[in-house]
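Understanding the architecture of this molecule
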Amino acid sequence: AQSVAQPEDQVNVAEGNPLTVKCTYSVSGNPYLFWYVQYPNRGLQFLLKYITGDNLVKGSYGFEAEFNKSQTSFHLKKPSALVSDSALYFCAVRDTARGGYGQNFVFGPGTRLSVLP
Amino acid sequence: SQTIHQWPATLVQPVGSPLSLECTVEGTSNPNLYWYRQAAGRGLQLLFYSVGIGQISSEVPQNLSASRPQDRQFILSSKKLLLSDSGFYLCAWSEGQGAYEQYFGPGTRLTVT
């Protein structure tokens, strides 16, 4: 079965410092990987996705993520954090071996990012 | 461009009362539609998904039901709410069967008292 882990419940970083939010996954086929951000009492916003090709994916708001097949990871990164980046971040995976529709989208438990001024 | 709407934004209902939450999508045709529940500001639980009008699949047996009366309309309902139905309900849409990401609505905060 496919699964996603976000090993850190909370990440704190100082404004201007680089940030990393970790994600590891488990699938039987090839993964499609996604990152979302959620601000309080709002819906999830799509940040970026990895389908195939270049392992470094660039997305919205200066975020990027690196796909590492050997480590089954897809960590979210940003070179310089902003206070406004403080939010809840979700990693998600689709297992291509399962086919079907988006019901096979599995979300991680979320990581709360706090950027301190 | 595509947009997704949900209403109401917040709802407070007594135990045993009925529920109807609505979701509509604009700017696309034949989307896949989803209802999720998010408890305590954390993980998402997929409740229902639909690949077409009148086609509903349930992921979790529960007190809720869903309907899709029109191509871009998705409704979440209950005949009698339970305290455990409280949570943040999110509607989402995606295209086709491929690698397409899901796009989420603004959500409905439901409190059952």
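One can find the structure itself at the top, above this paragraph.
Residues numbered from 1 in each chain as written. Chains lettered and ligands numbered in written order. Predicted model: local features only at pLDDT ≥ 70, side-chain atom pairs only at ≥ 80, totals over all residues. Heavy atoms only, no water.

Some details on the overall build of chain B
- Scanning chain B for helices and strands turns up zero helices and eleven strands.
- Counting from the amino terminus, helix and strand elements in chain B follow one another as β-β-β-β-β-β-β-β-β-β-β.
- A compact globule built from 113 residues would reach a C-alpha radius of gyration of about 13 Å, and chain B, at 13 Å, matches this within 12%.
- By its C-alpha atoms, chain B is 40 × 25 × 20 Å across when sized along the principal axes.
- In chain B, buried positions account for 47% of the 113 residues.
- For chain B, long-range pairs separated by at least 24 residues make up 54% of all intrachain contacts whose partners lie at least 6 apart in sequence.
- With the model as given, the accessible surface of chain B reaches about 5,100 Å², and the carbon-plus-sulfur share is 53%. (Helix = DSSP H or I, 4+ residues; strand = E, 2+ residues; numbered from the N terminus. Rg over C-alpha atoms; globule rule 2.2 N^0.38 Å. Buried < 20%, exposed > 50% of the residue type's maximum accessible area, 1.4 Å probe, protein only. Contact = heavy atoms within 4.5 Å. Areas by Shrake-Rupley, 256 points an atom, 1.4 Å probe, with all protein chains shown as cover.)

Overview of the interface of chain A and chain B
- On the chain B side, the residues contacting the 25 residues of chain A number 26 residues.
- Interface area, chain A with chain B, both sides summed: about 2,000 Å², of which 53% is carbon and sulfur.
- Between the two partners, chain A and chain B, sit one salt bridge.
- Viewed at the interface, chain B and chain A are joined by five residue pairs in polar contact (both at pLDDT 80 or more).
- The element best represented in the side of chain A that touches chain B is strand E5 (residues 31-38) of chain A, accounting for four residues.
- Residues that form the side of chain A that touches chain B fall into these classes: twelve nonpolar, eight polar and five charged. (Buried area = accessible area lost by both parts, 1.4 Å probe. Salt bridge = Lys/Arg side-chain N within 4 Å of Asp/Glu carboxyl O. Polar contact = N/O pair within 3.5 Å; in protein donor to acceptor, adjacent residues only side chain to side chain. Nonpolar A, V, L, I, M, F, W, Y, C, P; charged D, E, K, R; others polar.)

Observations regarding the layout of surface pockets
- For the largest pocket, the calculated volume is near 320 Å³.
- Lining the largest pocket we find 17 residues, and of these Leu 44 and Gln 45 of chain A together with Ile 4, Tyr 103 and Phe 104 of chain B sit closest to its centre.
- Counting only elements with at least two residues in the lining of the largest pocket, the list comes to strand E6 (44-50) of chain A together with strand E1 (3-7) and strand E10 (103-104) of chain B.
- In terms of residue count, E6 of chain A provides more of the lining of the largest pocket than any other element does, three residues in total.
- Here the lining of the largest pocket is built from residues that sort into eight nonpolar, six polar and three charged. (1 Å grid on protein atoms, 1.4 Å probe; cavity = no way out; pocket = protein on both sides within 12 Å on 5 of 7 lines; lining within 4 Å. Points joined across faces, edges and corners; volume = space filled by probe spheres on them.)

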